[in-house]
Every structure is written in structure tokens, then in C-alpha cells.
Amino acid sequence: MGRGSPGRSGGYAVVELTVVLALLAVILCIAVVGLVSLVDRSRQRATMADMRAVAKGIEAYAASRGFLPDDASGSAGLRAALGSLGGRPVPTSDRWRHPFRYRRDGAGNYTLASLGKDGIDGDDISVATRDDYFRDIVLVNGRFTAAPE
């Protein structure tokens, strides 16, 4: 006489396998969402670091020449004006590959902005909305006026 219930083989039933696969799918979905969030957060932080570096370049340019770089040709013109920072080219786009927006006014003020993950000009980011990666990050005269921290 064999052990176990009569008429049942030693394998798993289709229902049991389906439940296990469904649980694995749910766990995988949760992990993917968390991973995407981590990637976007790292892109956000790297974009802010790049913006700080560009701001230092703009301020060094203004200190040596007495005026801000021209904003007529956008981020490409900014790269041409600043050259390289510490041996590497000036970043002209954020980590989502959207060009930075650079503007200056006649009073000696400048604004550098990243339009966020979607690349569309919209609402500015704040501490309360720091996990909304579609919001804009704005730096004015070397200080962030819209930032996640």
C-alpha cells in the first residue's frame, strides 16, 4: 500500500501552479514599479548635480567677462560659450535626455530649468511633490527655486 491519498499523483495540480504563478507575477510587478521609481530618482538627483555644475560655469563666465552667456541659441549655445567644466563637456540636457532651458534677463539674472521626465513645461516640483518626476526643476541665479529637497 502506498502512502498519500488514493488516486492522486505526486505532482501539483493546475490550480496550485496558477496560484503560485499569480503570486510571482504580483511580486514581480511590485519590484518593477519600485525599480522604475529608483531609476527616476537617480536621474532626478543627477540632473540637479548637472544643473549645479552648469550654474557654476555660468557664474565663472559672468565673472570673467562681466555679462552672462547669450541665451539666443539655447543649451547648445550655452555649451559653446562655457566649453568644458573640469575636462568634461557642459551638460546641455537632463538625464531624461531633454534639453535644459536657459534664459537670462537684462538685470543679470539667469534661469536654468529641467522640464522633468515628460519634457513638457508644466508645474514646478516641490518637497511635497518630489516623487512626481514629471514636474519641472528650476534653478535661478545658482539656487534652486523648485527642487525636490
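### Brief notes about the sheet that holds strand β4 (residues 110–114)
Move 1: Taken together, four strands build an open sheet; the order of strands is β3-β4-β5-β6 and the sheet is antiparallel. Every interior strand has two partners, whereas the edge strands, β3 (101–104) and β6 (143–146), have only one. For this sheet the average axis-to-axis angle between neighbouring strands, irrespective of direction, equals 25°.
Move 2: By the bridge criterion, three bridges tie strand β5 (residues 137–140) to β6 in an arrangement that is antiparallel. By the bridge assignment, Val140 is partnered in β6 with Arg143.

### Some words on the environment of Ser75
Move 1: If you trace the backbone, Ser75 turns up in helix α2 (residues 74–82).
Move 2: Given a relative accessible area of 14%, Ser75 falls into the buried group.
Move 3: Between the C-alpha atoms of Ser75 and Arg103, which are 28 residues apart in sequence, the distance is 9.5 Å.
Move 4: Ignoring any residue separated from it by four or fewer positions in sequence, one finds Ser75 in contact with Thr92, Pro99 and Phe100.

Rules used throughout
Residues numbered from 1 in each chain as written. Predicted model: local features only at pLDDT ≥ 70, side-chain atom pairs only at ≥ 80, totals over all residues. Heavy atoms only, no water. Pairing = 2+ DSSP bridges. Helix = DSSP H or I, 4+ residues; strand = E, 2+ residues; numbered from the N terminus. Axes fitted to C-alpha atoms, helices over the stretch in contact; angles between N-to-C directions. Buried < 20%, exposed > 50% of the residue type's maximum accessible area, 1.4 Å probe, protein only. Contact = heavy atoms within 4.5 Å.

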